[in-house]
Structures are given as C-alpha cells and as structure tokens.
Amino acid sequence: MTLQEKLSMDYVKCDLACGLNMHGGKNSEWIHIDHDPADGMDIVCDWNKIPLENECVDELHFSDAIEHIRTWEADITMGEINRIVKVGGKFWGTTPHRDYILKVAYEGKFDEEWLHRNLYGDGAGYGHTHYQTFTKEKLKTFLEKYGFGEVVFAPIEEWIHFTCTKINSFLKIKLEIE
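First, a word on scope: everything that follows refers to the structure included in this document.

Cut-offs used in this document
- Residues numbered from 1 in each chain as written.
- Predicted model: local features only at pLDDT ≥ 70, side-chain atom pairs only at ≥ 80, totals over all residues.
- Heavy atoms only, no water.
- Helix = DSSP H or I, 4+ residues; strand = E, 2+ residues; numbered from the N terminus.
- Buried < 20%, exposed > 50% of the residue type's maximum accessible area, 1.4 Å probe, protein only.
- Contact = heavy atoms within 4.5 Å.
- Salt bridge = Lys/Arg side-chain N within 4 Å of Asp/Glu carboxyl O.
- Pairing = 2+ DSSP bridges.
- Axes fitted to C-alpha atoms, helices over the stretch in contact; angles between N-to-C directions.
- Parallel < 35°, antiparallel > 145°, perpendicular 65-115°, else oblique.
- Left-handed = near helix turned anticlockwise from the far one by under 90°.
- Nonpolar A, V, L, I, M, F, W, Y, C, P; charged D, E, K, R; others polar.

**Considering the overall build of the protein**
The helix and strand inventory of the protein stands at six helices and seven strands. What you see in the protein, going N to C, is helices and strands ordered as α-β-β-β-β-α-β-α-α-α-β-β-α. Here the C-alpha coordinates of the protein stretch approximately 50 × 40 × 30 Å along the principal axes. Across the 178 residues that make up the protein, the buried fraction comes to 44%. Sequence separation of 24 or more characterises 59% of the internal contacts of the protein that already satisfy a separation of 6 or more.

Written out as structure tokens, the structure is:
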C-alpha cells in the first residue's frame, strides 16, 4: 500500500518510532515512521516535524519510545503527536518501568548491561538514549499534560504498557495558558 492509500482509509493507524520492528509488518496498513530509513518505512523524519495533516490519525502506536523524547523538546514532540491524532483517537505504547528497574537493582537481581540499557538506553547512537524514565504516575501526568486522558495501564510489572485517548488539542491548551 502507498502512503496515500493508508491515509485515505476509514481508520488510519500510525507506528511512530517503529525502527525495524514495524507494527503489523512492513507491508501492512500501518503508516511506519522513524528517523532512520529502512525497507518498508513510509516516512523518515524527525519526531518534532511529522509531515502529516492535523488530526489525521485514529490510532498511534509508540512503543519503547516515549523515554527517548528529549526533556527539553517534550512540548514540541508531544505537541506533534497530539497534532496528528484525532480527538478521541487512541495513543498507546510501552516504556521501561522505573520502579521495577530500581527494585531489581536494589535487590541485586540484575546484570550491569541490563540495568544500563533499561535506565539509559542501548547507546547505539542517535535516538537510542533514554532522556527520561517513568513510573505509572509520572507517565499519566505527562500524557495528561499533552491532552491525553483515560490513561489505562496493563497489569505488567516489568514494563509500563499504556493506552490513552486524545481528549483535547495541546496547541489550544498551550495558547490558553500563554
């Protein structure tokens, strides 16, 4: 399917920051976006400048990526995510669970590589550094700040699996505050 065919579907699905693990596979109806080119990638771009129309995505998958948002660019990146997801649209993904990582570290049940990879990223270069870590409470507050609500977490200890709904426009919220 072409990008235009995917965008013209009744229900538009986007896999942002997919890397080589493209949700649905590289030939699926999912729009695959990452900053690195790969076979099957629909859009190669910076997360801060996603070349899609406003509110064109019904469902956005963002797995193992929210921790890679640079803290000083969170307003821009999350503003872009909010911009492309329709009001009522689904936003979901995963992130390492800081409470679990620290519990395992405290109990001494880890190897050094696992600890560093989960706290700081794998060090493979641009886009692989963890700029923030999340507990469920911190992630819920973070998502709500950017216009996402109805946050639900799966009952999994090691990773935070989240699903939420876009409830309002972040740009509108930001303009009202200023």
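**A word on the pattern of salt bridges**
Scanning all chains against the criterion turns up ten salt bridges. For Lys 6, the salt bridge is made with Asp 42, and the minimal N-O distance between the two is 2.8 Å. Of the two residues, Lys 6 sits in helix H1 (residues 3–7) while Asp 42 sits in the loop between strand E2 (31–34) and strand E3 (43–44), which places them 36 residues apart along the sequence. We classify Lys 6 as buried; its relative accessible area is 2%. For Asp 58, the salt bridge is made with Lys 86, and the minimal N-O distance between the two is 3.2 Å. Here Asp 58 is found in strand E4 (residues 57–61), whereas its partner Lys 86 is found in strand E5 (residues 85–96), with 28 residues between them in sequence. Residue Asp 58 is classed as buried on the basis of its relative accessible area, which comes to 13%.

**Quick look at the pairing of strand E1 (residues 13–16)**
Neither face of E1 is open: one carries Lys 13 and Asp 15, the other Cys 14 and Leu 16, and all of them are buried. Pairing geometry for E1 and E4, over three bridges, is parallel. Counterpart to Lys 13 in the pairing with E4 is Glu 59. Relative to E2, E1 runs parallel, the two being bridged by three bridges. Residue pairing in the sheet places Asp 15 in a bridge with His 32 of E2.

**Some words on the packing of helix H3 (residues 98–107) against helix H4 (residues 112–120)**
Closest axis-to-axis distance for the H3/H4 pair is 10 Å, and the angle between their directions is 155°. In terms of orientation, H3 lies roughly antiparallel with respect to H4. You can see that H3 and H4 cross each other, and the crossing is left-handed. Across the interface between the two elements, Tyr 100, Ile 101, Val 104 and Ala 105 of H3 pack against Trp 114, Leu 115, Asn 118 and Leu 119 of H4. Classifying every residue of the contact of H3 with H4 by side-chain character gives seven nonpolar, one polar and no charged.

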